[in-house]
Each structure stands twice: as C-alpha cells, then as structure tokens.
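# Overview (structure and organization)
Here is how the chains run, residue by residue.
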Amino acid sequence: MRAIDLDPTGEKNGGTPTYPWRFGPEKSRMATRRQLREMGLRPGGQAVAAQVVCRGGTRVGHLFSVAGAKPVRPMTPARARALAAAMRARSTCPLCQVTYDYCLPLRTLGSCLPCSELTDEEREQLTALTSA
C-alpha cells in the first residue's frame, strides 16, 4: 500500500476520497457499478462518492453510494431488440457480411480477420459482390 493511495478526505485528489485496492469502505456503504449490478441496483445519476486505486495508480474504480442507488430498470421487449441489433452489428463483418459468434475488432481492423488480410483489389471485388 502506498501512502498516496490513501486519502479518505479527498484533499490530495480533487475532493474525491481515495482508497488503495481492497482497503475501500465496506460494500454495504459504497460499491462499484458491477457490485451495484450484482445487487440489482444502478448508480441512478449520482456523482462518484469515492474511488479505489489499483495497479500502482494506473487504474481507478469509482465507488457509488449504495443508499443513493436505484433499482435496475426492467428489460422491455424494445430494449431487448435494440440490444440484439447492437450486438449483431458488432459481430457482423461490414465487408463479407458474415455474422460471427463474437464481437469483431472493428475499431482496429475494420472487418473480420480474413477480410483484414485481403489486398485492396480483393477488398474492392468483395465489396462489389456483397453490395450487388
């Protein structure tokens, strides 16, 4: 534990109380988004109450008040359809239109792995075939 990671008053971290990994307040008072979700809650628009620093200060986990959390909104049919469409878009290659069982690296490669290895000429031919 480093001394700079423990700041329960928030003086050194812009007013946000800061705790080192595994030394935060008890889970019944404050929790991360994932911990809230496990309890069936969500932050509900509240501000960050504290933070937990880990990995030598390179990662920060925001903590929210459990008392101010709201229940998770129920999944409606419209939200389920929208979520399914978003996941389908993330797993469908824009070039060959093949849908995979996993999310594609569209930010880095822009397509599935086989399409990313194509030459520019082959890519143009494939695009012409799939758009016709």
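Rules of the game
Residues numbered from 1 in each chain as written. Predicted model: local features only at pLDDT ≥ 70, side-chain atom pairs only at ≥ 80, totals over all residues. Heavy atoms only, no water. Helix = DSSP H or I, 4+ residues; strand = E, 2+ residues; numbered from the N terminus. Contact = heavy atoms within 4.5 Å. Areas by Shrake-Rupley, 256 points an atom, 1.4 Å probe, with all protein chains shown as cover. Pairing = 2+ DSSP bridges. Patch = residues over 30% accessible without salt bridge, like charges linked within 9 Å, V, L, I, M, F, W, Y side chains within 5 Å. Salt bridge = Lys/Arg side-chain N within 4 Å of Asp/Glu carboxyl O. Buried < 20%, exposed > 50% of the residue type's maximum accessible area, 1.4 Å probe, protein only. Lys, Arg positive; Asp, Glu negative; His and termini not counted. Charge placed at Lys NZ, Arg CZ, Asp CG, Glu CD.

### So, the overall build of the chain
On a plain count of helices and strands, the chain comes out with four helices and six strands. For the chain, the α and β elements follow one another from N to C terminus as β-β-α-β-β-β-β-α-α-α. Across the chain, the fraction of contacts at a sequence separation of at least 24, relative to all contacts at a separation of at least 6, is 42%. Summed over its atoms, the accessible surface of the chain is roughly 9,500 Å², and 55% of this surface lies on carbon and sulfur atoms.

### Brief notes about the sheet that holds strand β4 (residues 50-54)
To summarise the sheet geometry, strands pair through backbone hydrogen bonds and adopt either a parallel or an antiparallel arrangement. Strands sit in the order β1-β4-β5-β2 across an open sheet of four strands; the sheet is mixed. In this open sheet, the two edge strands, each paired with only one partner strand, are β1 (18-20) and β2 (30-31). When β4 meets strand β5 (residues 59-65), the two strands line up antiparallel, connected through five bridges. The residue of β5 that forms the bridge with Cys-54 is Arg-59.

### Thoughts on a nonpolar patch on the surface
Among the surface-exposed residues, Met-75, Leu-83 and Met-87 lie close enough to one another that they form a single nonpolar patch of about 290 Å² accessible area. Along the chain, the position of Met-87 falls in helix α2 (residues 77-91). What makes Met-87 partly exposed here is its relative accessible area of 37%.

### With respect to a positive patch on the surface
There is a patch of like positive charges on the surface, built from Arg-37, Lys-70, Arg-73 and Arg-79. Here Lys-70 lies in strand β6 (residues 70-71).

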